[in-house]
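What follows is the residue order along each chain.
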Number of protein chains: 2
Amino acid sequence: MPLEFWFDFASTYSYIAAMRIEALCGAKGVPLTWRPMQLGPIFALQGWKTSPFVLNPQRGAYMWRDMERLTAKFGLPWQRPSSFPRVATLAARVAAAYDGAPWLGDFVRASFAAAFGSDADLNDRSLVRSLLASLDLDAADVLDAASTPPRSTRLRANTERAIALGVFGAPTCTVDGELFWGEEALDDAIAWAETRSERSLSN
Amino acid sequence: MPLEFWFDFASTYSYIAAMRIEALCGAKGVPLTWRPMQLGPIFALQGWKTSPFVLNPQRGAYMWRDMERLTAKFGLPWQRPSSFPRVATLAARVAAAYDGAPWLGDFVRASFAAAFGSDADLNDRSLVRSLLASLDLDAADVLDAASTPPRSTRLRANTERAIALGVFGAPTCTVDGELFWGEEALDDAIAWAETRSERSLSN
């Protein structure tokens, strides 16, 4: 049973999860689908005009400390961004546009590592171009296609489908309609996908 | 290095964590201190008049589904309470009053199992009396002492100390000033306590 991984490039906990999810799914034979989306409209539906980590300073302070601990625990690069939450629409549009591309996981991880490892702006065209080029892609071609219909509409469609599924934060894994919210829920989500696969195999 | 476990008897995720924390700490040789507190004043400082699970219906719906999954995962009794959040001051006052008592862990677990396994009201005097009696305690004596200073002041003191430590939700584990929020953070908190102990031993 496939696992859909819903994330926003501006989300710190999405970063931790995105760096790990493909290897975790691969180890269990669970097919992974990347689902870049935008938290803005999702938070707006909850009455929030920005990240809950900004709205609630105590939660925010905890999150920043947690990032230090989690990146150390998983051996991930870490530099607290100079701006938060940072608009990351361009990278998200590319990732959504190239749903299913064999290089998508590498692009997602390179983007997140740039954003949270070296304070990069994922809405900056030259930065995204260099990330694509580092993957041996024709960056100009990819960026053009990502900003042209029908590919350019996919990010918004992802966000709308996330809302329809009940996604209220990121990262979220969905498996056959079941939601698993938070970077700490990855193992449970993968186990759920495995169990569902066994059931459908035995039916 | 000791681990302090901050919880509210009305909190669903505190239930999951409270049922597991003593065994988890015991397995690693980490001393555990139970810290019953009240989330009401802690939420009020964040501008909330009730549980965030009530204020945010999407988060609430997710939490109830998560409880079904988590109680199944850990083999814990589960019956969704007919009222939420439910005032649980009496049980909390007893638990705080008897800080360090050898029966405290059993009382905490019996109380939580009653609240979330059979819809019991932990603010009901006859219910708390029966929980204490089931532990072979003189229930009338314990209840009298718990409502008399200085023991009766300990619940409020716990809540005030939690606020001073930066606790903003439950369950929270604290180890030497470091906060770990959420039932999924138990393992990290215990690992932190172990590491700190090794460092102080080697100094």
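Above this text you will find the structure in question.
Summary of the structure given here. Since we're looking at a predicted model, the values are computed, not measured.

Side note on the sheet that holds strand E4 (residues 178-181) of chain A
Residues and elements named next belong to chain A.
Point 1. Judged by pairing direction, the sheet is mixed, and its 4 strands sit side by side in the order E2-E1-E3-E4 without closing on themselves. Since the sheet does not close on itself, it has two edges, and those belong to strand E2 (32-36) and E4, each with one partner. Averaged over all pairs of adjacent strands, the angle between strand axes in this sheet comes to 25 degrees, irrespective of strand direction.
Point 2. Sheet analysis places strand E1 (residues 3-7) next to strand E3 (residues 172-175), joined by 3 bridges and oriented antiparallel. Each bridged residue has a counterpart across the sheet, and for Glu-4 the counterpart in E3 is Thr-174.
Point 3. Strands in contact with helix H1 (residues 12-28) are E1, E2 and E3; relative to E1, the strand with the most contacts, it is inclined by about 165 degrees.
Point 4. Relative to E2, helix H6 (residues 104-117) is tilted by about 45 degrees, and along the sheet it contacts E1 and E2.

Some words on the relation of the copies chain A and chain B
Point 1. Of the transformation placing chain A onto chain B, the axial shift is 0.0 Å and the rotation is 180 degrees, giving an RMSD of 0.0 Å. In short, the pair behaves as if placed about a two-fold rotation axis. Looking at the rotation axis and the C-alpha trace of chain A, the residue lying nearest is A:Glu184, at 3.3 Å.
Point 2. Comparing contact sets, 100% of the residues at the interface of chain A also lie at the interface in chain B, consistent with an isologous, same-surface contact.

Structural notes on unusual backbone geometry
Keep in mind that most residues, glycine aside, have a negative phi and that most peptide bonds are trans.
Point 1. With omega at -10 degrees, the peptide bond leading from B:Phe84 into B:Pro85 counts as cis.
Point 2. On the secondary structure map, B:Pro85 appears in the loop between helix H4 (57-74) and helix H5 (89-97).
Point 3. With an omega of 0 degrees, the peptide bond between B:Ala170 and B:Pro171 qualifies as cis.
Point 4. Structurally, B:Pro171 is set in the loop between helix H9 (154-165) and strand E3 (172-175).
Point 5. A positive phi angle, near 65 degrees, is found at A:Asp136, a position not held by glycine.

Focus on the pattern of salt bridges
Point 1. In this structure the tally under the stated criterion is 24 salt bridges over all chains.
Point 2. Measuring nitrogen to oxygen at the nearest pair gives 2.9 Å for the salt bridge that ties A:Arg161 to A:Glu4. Taken together, the residues A:Arg161 in helix H9 (residues 154-165) and A:Glu4 in strand E1 connect sequence positions 157 residues apart.
Point 3. Among the residues examined, A:Glu4 registers a relative accessible area of 14% and is labelled buried.
Point 4. Among the ionic pairs, A:Arg109 bridges to A:Glu22, the shortest N-O distance being 2.7 Å. Placement of A:Arg109 in helix H6 and of A:Glu22 in helix H1 is noted, with a sequence separation of 87 residues between them.
Point 5. Judged by its relative accessible area of 21%, A:Arg109 is partly exposed.
Point 6. If you follow the salt bridges from partner to partner, you end up with A:Arg65, A:Asp66, A:Glu68, A:Arg69 and B:Glu178 in one network.

What counts, and at which threshold
Residues numbered from 1 in each chain as written. Chains lettered and ligands numbered in written order. Predicted model: local features only at pLDDT ≥ 70, side-chain atom pairs only at ≥ 80, totals over all residues. Heavy atoms only, no water. Pairing = 2+ DSSP bridges. Helix = DSSP H or I, 4+ residues; strand = E, 2+ residues; numbered from the N terminus. Axes fitted to C-alpha atoms, helices over the stretch in contact; angles between N-to-C directions. Contact = heavy atoms within 4.5 Å. Least-squares fit on C-alpha atoms with pLDDT ≥ 70 in both. Salt bridge = Lys/Arg side-chain N within 4 Å of Asp/Glu carboxyl O. Buried < 20%, exposed > 50% of the residue type's maximum accessible area, 1.4 Å probe, protein only.

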